[in-house]
Amino acid sequence: MKKDTHPDYHKITVEMTDGTTFETRSTWGNEGDTLKLDIDPSSHPAWIGGGVKILDRDGRVGKFNKKFEGFLGETSKKTQASEPAEEAPAEEAPAEDNKNS
């Protein structure tokens, strides 16, 4: 087997964006170096569910919606929103028999 085929695997310290640190093993840097993260699970929208809203002003999404506007026929959102909702008839409660009063 060839010698020196594997990279140097050593201990480093990882510093999160909130200042907390932990020690792990890595091939990054040198023994004892500190890796400072710009993005981590406590600050990235993918993990915290950030309220980023994609704005597409008639870009790809707008073109797609325009192209397939009537594709589903009358079940599309626009036709459902413009039609008034039908009210279901309310069930009548059975009349109570008060003969013993």
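Residues numbered from 1 in each chain as written. Predicted model: local features only at pLDDT ≥ 70, side-chain atom pairs only at ≥ 80, totals over all residues. Heavy atoms only, no water.

What about the overall build of the chain?
To keep things clear, this is the line we draw: Helix numbers and strand numbers start at the N terminus; a helix is a DSSP run of H or I with at least 4 residues, a strand a run of E with at least 2. Relative accessibility thresholds used throughout: buried, under 20% of the residue-type maximum; exposed, over 50%; partly exposed, between the two (1.4 Å probe, protein chains only). Contacts are residue-level and defined by heavy atoms, with any inter-residue pair within 4.5 Å sufficient. Accessible surface area values rest on a Shrake-Rupley calculation with a 1.4 Å probe, where residue burial reflects the displayed protein chains alone.
Tallying secondary structure elements over the chain gives three helices and three strands in all. Out of the 101 residues in the chain, the part that is buried amounts to 8%. Restricting to contacts in the chain with at least 6 residues of sequence separation, those with at least 24 account for 7%. When the accessible area of the chain is evaluated, it comes to approximately 10000 Å², of which 52% is carbon and sulfur surface.

Digging into the packing of aromatic side chains
Quick note on the threshold: Think of it this way: a Phe, Tyr or Trp ring, Trp meaning its six-membered ring, pairs with another when their centres are within 6.5 Å, and the plane angle makes it stacked under 30 degrees, edge-to-face over 60, tilted otherwise.
For the structure on display, the rule yields two aromatic pairs. Between Phe64 and Phe68 the ring centres are 4.9 Å apart and the planes differ by 50°, which places this aromatic pair in the tilted class. Ring geometry for Phe68 against Phe71: centres 5.9 Å apart, planes inclined by 85°, an arrangement best described as edge-to-face. Judged by its relative accessible area of 64%, Phe71 is exposed. An aromatic cluster of three or more residues is present, and its members are Phe64, Phe68 and Phe71.

Quick word on the pairing of strand β1 (residues 10-15)
Within a regular strand, the side chains alternate between the two sheet faces. Put simply, the rule reads: The criterion for strand pairing is that DSSP finds at least two bridges linking the strands in question.
Alternating residues of β1 divide into His10, Ile12 and Val14, all buried, and Lys11, Thr13 and Glu15, none buried. Here β1 pairs with strand β2 (residues 21-26) via six bridges, running antiparallel. Following the sheet pairing, Thr13 is matched in β2 by Glu23. The hairpin formed by β1 and β2 contains five residues between the paired strands, and Gly19 there has a positive phi angle of roughly 95°. In this sheet, strand β3 (residues 34-36) lies alongside β1 in parallel orientation, the contact comprising three bridges. Across the sheet, the residue bridging to Val14 is Leu35, located in β3.

Read these as geometric descriptors, not functional statements.
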